[in-house]
Amino acid sequence: QVQLVESGGGLVQAGGSLRLSCATSRLTFSSYGMGWFRQLPGKEREFVAAISGSGGTTYYADSVKGRFTISRDNAKKTVFLQMNMLKPEDTAVYYCAAARTPLSTLKSGYNYWGQGIQVTVSS
């Protein structure tokens, strides 16, 4: 069935960069907006970034604006999250998700979810 699989996480030093990828399968990819969420230790899952099906519209949480960039490659059915200037408070499990447009910043707006991937930023 529909699958979303994140990759590219790991351990980095503060100020460094990581690029997360989310590969999808059995999904009409361009028909779905895509989002990234994260769950900090002991906290609820929160919105990070979202991109429309065409790639023409993006949204970012204030906490990552100017540091993170969401993009998508519809031919490869993959969404990316470029994370620069990472901070220890970015440490979390990151999830990608798929939603029918219009794009949502809420968890309830998404139909499918990946398994999550750990990002750890050390100081």
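Preceding block: the structure.
Residues numbered from 1 in each chain as written. Predicted model: local features only at pLDDT ≥ 70, side-chain atom pairs only at ≥ 80, totals over all residues. Heavy atoms only, no water.

Engineer: Is there a simple way to explain the packing of aromatic side chains in this structure?
Structural biologist: When we look at a pair of aromatic rings, we describe it by the centre distance and by the angle of the planes. Per the counting criterion, the structure on display carries five aromatic pairs. Of the aromatic side chains, those joined through ring pairs into one cluster are Phe37, Phe47, Tyr110 and Trp113. Directly above the ring of tyrosine 95 sits arginine 45, whose terminal nitrogen or CZ lies 3.6 Å from the centroid. The ring of phenylalanine 29 is capped by arginine 72, whose NZ or CZ atom sits 4.2 Å from the centre of that ring. (Phe/Tyr/Trp six-rings, centres within 6.5 Å; stacked < 30°, edge-to-face > 60°. Lys NZ or Arg CZ within 6 Å of the ring centre and 35° of its normal.)

Engineer: Can you help me understand the environment of glycine 109 in this one?
Structural biologist: Relative to the helices and strands, glycine 109 is located in the loop between strand 9 (92–100) and strand 10 (112–113). When its relative accessible area of 27% is taken as the criterion, glycine 109 is described as partly exposed. Remark: the alpha-carbon pair of glycine 109 and serine 71, spanning 38 residues in sequence, is separated by 19 Å. Other than its neighbours up to four places away in sequence, glycine 109 contacts Ala99 and Ser104. (Helix = DSSP H or I, 4+ residues; strand = E, 2+ residues; numbered from the N terminus. Buried < 20%, exposed > 50% of the residue type's maximum accessible area, 1.4 Å probe, protein only. Contact = heavy atoms within 4.5 Å.)

Engineer: What's the story with the pattern of salt bridges in this structure? I'm lost.
Structural biologist: Close approach of charged atoms allows side chains of opposite charge to pair. Tallying each qualifying case throughout the model produces four salt bridges. Arginine 38 is the salt-bridge partner of glutamate 46, the closest N and O atoms lying 2.9 Å from each other. Overall, the relative accessible area of 4% leaves arginine 38 in the buried class. Residues aspartate 90 and arginine 38 are paired through a salt bridge, measuring 2.9 Å at the closest nitrogen-oxygen approach. Taken together, the positions of aspartate 90 in the loop between strand 8 (78–83) and strand 9 and arginine 38 in strand 4 (residues 32–39) put the pair 52 residues apart, joining distant regions of the chain. Bridged by salt links that share partners, the residues Arg38, Glu46, Arg67 and Asp90 form one connected network. (Salt bridge = Lys/Arg side-chain N within 4 Å of Asp/Glu carboxyl O.)

Engineer: I tried to follow the state of the cysteines on my own but got confused; where do I start?
Structural biologist: Note: disulfide means a covalent bond formed between the sulfur atoms of two cysteine side chains. Considering all chains together, one arrives at one disulfide under this definition. With its sulfur 1.9 Å from that of its partner, cysteine 22 forms a disulfide with cysteine 96. Measuring handedness by torsion sign, the sulfur bridge of cysteine 22 and cysteine 96 sits at about 50° and is right-handed. Placement of cysteine 22 in strand 3 (residues 18–25) and of cysteine 96 in strand 9 is noted, with a sequence separation of 74 residues between them. (Disulfide = S-S within 2.5 Å.)

Engineer: Would you take a moment to explain the nonpolar core for this structure?
Structural biologist: Across soluble globular proteins, you tend to see nonpolar side chains buried next to one another. Judged by nonpolar contacts, the single largest core of 35 residues is most densely connected at Trp36, Leu81, Met83 and Tyr94. If one sorts the elements of this core by residue count, strand 9 sits on top with six residues. Setting aside chain neighbours within four positions, we find methionine 83 in contact with Gly16, Ser17, Leu18, Leu20, Arg67, Phe68, Tyr94 and Val119. (Core = buried A, V, L, I, M, F, W, Y, C linked by side-chain atoms within 4.5 Å.)

Any functional reading would require information beyond the geometric quantities listed.
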